[in-house]
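Remarks on the overall topology
Chain by chain, the residues:
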Amino acid sequence: RNKVSITYSDASGNATARTVRPLGLSLYGPEWHLAGWCELRNDFRTFRLDRLVSHMVKNETFSNEPGKRLKDYFNRYENDS
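Let us look at the structure shown here.

Quick notes on the rules
Residues numbered from 1 in each chain as written. Predicted model: local features only at pLDDT ≥ 70, side-chain atom pairs only at ≥ 80, totals over all residues. Heavy atoms only, no water. Core = buried A, V, L, I, M, F, W, Y, C linked by side-chain atoms within 4.5 Å. Buried < 20%, exposed > 50% of the residue type's maximum accessible area, 1.4 Å probe, protein only. Helix = DSSP H or I, 4+ residues; strand = E, 2+ residues; numbered from the N terminus. Pairing = 2+ DSSP bridges. Axes fitted to C-alpha atoms, helices over the stretch in contact; angles between N-to-C directions.

Now for the nonpolar core. One broad trend across soluble globular proteins is that nonpolar side chains are buried collectively. The biggest cluster of nonpolar side chains holds 7 residues, and these are Val 4, Ile 6, Tyr 8, Val 20, Leu 34, Cys 38 and Phe 47. If you list the elements that add at least two residues to this core, you get strand E1 (2–9) and strand E3 (31–38). Counting residues per element, this core draws most heavily on E1, at 3 residues.

And the structure:
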């Protein structure tokens, strides 16, 4: 339950610094993805691990806060289909 500071490069090569609450890892095709709560966007985001420029596990922890859990992530995308 530690937060992670990442620098993430998008498909265009633009890098942004984020603090993420990591929730899960998945393999989609040939790439691994990190699903998490992005504190910059105040929303769920998925990050391709091969696009992480840097990462650091923070000493800061997070709680199992309603609306920001893996269960909530799955519920959102289940309801979109």
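Moving on, there is more to tell.
Turning next to the pairing of E1. By the bridge criterion, 6 bridges tie E1 to strand E5 (residues 52–61) in an arrangement that is antiparallel. For Val 4, the partnering residue across the bridge sits in E5 and is Val 57. Pairing between E1 and strand E2 (residues 15–28): 6 bridges, direction antiparallel. What sits directly across from Ser 9, in E2, is Ala 15. A loop of 5 residues connects E1 with E2, the two strands running antiparallel in sequence, and Gly 13 in this loop sits at a positive phi of about 90 degrees.

Right, let's talk about the sheet that holds E3 for a bit. Taken together, 5 strands build an open sheet; the order of strands is E4-E3-E2-E1-E5 and the sheet is antiparallel. Either end of the sheet is taken by a strand with one partner, and the two such strands are strand E4 (43–48) and E5. On average, adjacent strands in this sheet sit at an angle of 45 degrees to one another, irrespective of strand direction. Pairing analysis gives 6 bridges linking E3 to E4, with the strands arranged antiparallel. What sits directly across from Ala 35, in E4, is Thr 46.

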